[in-house]
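# Topology and contacts: notes
Residue-level listing of the chains:
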Amino acid sequence: MRQAPRSIVVLTGAGISAESGVPVFRGPDGLWHGRRVEDVATHEALERDLWGVNAFFNELRRFVADIKPNPAHEALVKLEQAYGNAFLLVTQNVDPLHDRAGSKHPLHMHGELQSILCEQCGQRTPFFGDVLPQTACPACGRTECLRPDIVLFNEMPYAMDQIIDALMACDLFIAVGTSGFVYPAAGFVDIATHAGAHTIEINLAETERSPAFAEKRTGPAGQTLPALVAELIKAKEHDGDPRT
Ligand code: NAD
Ligand code: ZN
């Protein structure tokens, strides 16, 4: 990377957390293994069985309580520190590892495990325990109305306007550890390419969307991403401040 980009968008997926021991979505040990996605991650499931869905996400919330970020999450903290407002981190992950590593403003476009959403008043509240029928919404006090603050299939992801604006303005887009099956995130590379950005995919393997990327770096994110971030920080130091 000889010239420092003026504006960077990074999209992360389950693969960035794999080296922290969080199972990815598509694989034999996937978090959803043994549970059909339609039973736990759709709006229909929520309407049919709110407490079954809450029980499933309660279990995941307990699982992420003690996991630790890895060098890939840490590298993105350094990138944020170096590029400031010229950097946006968008994650599809519902785990708290970017936050735990120290990223200041990760956009959790698919929601967060450590948050609940009230179906009565619409308030999102940080939450670390189990959601039970008697758990009262911290905002409106009602019970039997809390659900996981997770964007389910067929629901609109969070912060789409902000993400699309950033993609249209960026000159570097990096996708890390995402299989490219889940839209709209899988289409971000197309928006960035249209905007004239350079695009880099980091993954262990070829993905559904690999052909759309200009550059590919193959290998575990815990190694490949810190190396790329070091190049980007070096380029910025060499160029001076690219934001001016
Ligand atoms: P995915 O599970 O569909 O794909 C994971 C990708 O990461 C694969 O392409 C795999 O080759 C790659 N990968 C695995 N280990 C890697 C490593 N060490 N380094 C680099 N790449 C690696 O994940 P997705 O595309 O993010 O889509 C899954 C959906 O499920 C998302 O919406 C996400 O919200 C959700 N999910 C989240 C988590 C989490 O929060 N950690 C975990 C599982 C699923
Ligand atoms: Zn409420």
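Residues numbered from 1 in each chain as written. Chains lettered and ligands numbered in written order. Predicted model: local features only at pLDDT ≥ 70, side-chain atom pairs only at ≥ 80, totals over all residues. Heavy atoms only, no water.

## Looking at the pairing of strand 7 (residues 172–176)
With respect to burial, strand 7 is a largely interior element, five of its five residues being buried. Alternating positions in strand 7 separate into two faces, L172, I174 and V176 on one and F173 and A175 on the other, with burial throughout. Across five bridges, strand 1 (residues 8–12) lies against strand 7 in parallel orientation. Residue pairing in the sheet places L11 in a bridge with A175 of strand 7. (Buried < 20%, exposed > 50% of the residue type's maximum accessible area, 1.4 Å probe, protein only. Helix = DSSP H or I, 4+ residues; strand = E, 2+ residues; numbered from the N terminus. Pairing = 2+ DSSP bridges.)

## Details of helix 9 (residues 221–239)
Given 3.6 residues per turn, any residue in an α-helix points the same way as the ones three and four places further on. Taking 1.5 Å per residue, 19 residues should reach 27 Å; helix 9 reaches 26 Å between its end C-alpha atoms and fits that length. Among the residues of helix 9, A221, G222, T224, L225, L228, V229, L232, I233, A235 and K236 are the ones counted as buried. Seen from one end, helix 9 has its buried residues packed into an arc of 170°, which puts them on one side. Along helix 9, exposed side chains directed more than 90 degrees from the buried face belong to Q223, K234, E237 and H238. (Expected span 1.5 Å × (residues − 1). Arc of directions from axis to C-beta.)

## Re the coordination of the zinc ion (ligand 2)
Within the protein, the atoms that donate to the zinc ion (ligand 2) are C118 (SG), C121 (SG), C137 (SG) and C140 (SG), at distances of 2.3 to 2.4 Å. Coordination at the zinc ion (ligand 2) comes from four donor atoms whose angles at the metal span 106 to 116°, giving a geometry best classed as tetrahedral. (Donors = N, O, S within 2.8 Å, 3.2 Å for Na, K, Ca; no water. Tetrahedral: all angles 85-135°; square planar, octahedral: opposite > 155°, others 65-115°.)

## What to know about the pattern of salt bridges
Inspection of the entire model under this criterion finds seven salt bridges. Across the pair R209 and D190 runs a salt bridge, and its minimum N-O distance is 3.0 Å. Placement of the pair is R209 in the loop between strand 8 (198–203) and strand 9 (215–218) and D190 in helix 8 (residues 188–194), with a sequence separation of 19 residues. Overall, the relative accessible area of 14% leaves R209 in the buried class. On the accessibility criterion, D190 (29% relative accessible area) is partly exposed. Look at the salt bridges and you will find they share partners, linking E215, R217 and E231 into a network. (Salt bridge = Lys/Arg side-chain N within 4 Å of Asp/Glu carboxyl O.)

## Focus on the nonpolar core
Ranked by size, the top nonpolar core spans 25 residues in total, and within it I8, V10, L79, Y83, I174 and L225 carry the most contacts. Of all the secondary structure elements, the ones that give two or more residues to this core are strand 1, helix 5 (71–83), strand 2 (87–91), strand 7, strand 8 and helix 9. For this core, the element with the highest residue contribution is helix 9, accounting for seven residues. Of all hydrophobic cores here, the second largest spans 19 residues; its members include V9, M109, I163 and C170. (Core = buried A, V, L, I, M, F, W, Y, C linked by side-chain atoms within 4.5 Å.)

Purely spatial values, then, with no claim about function.
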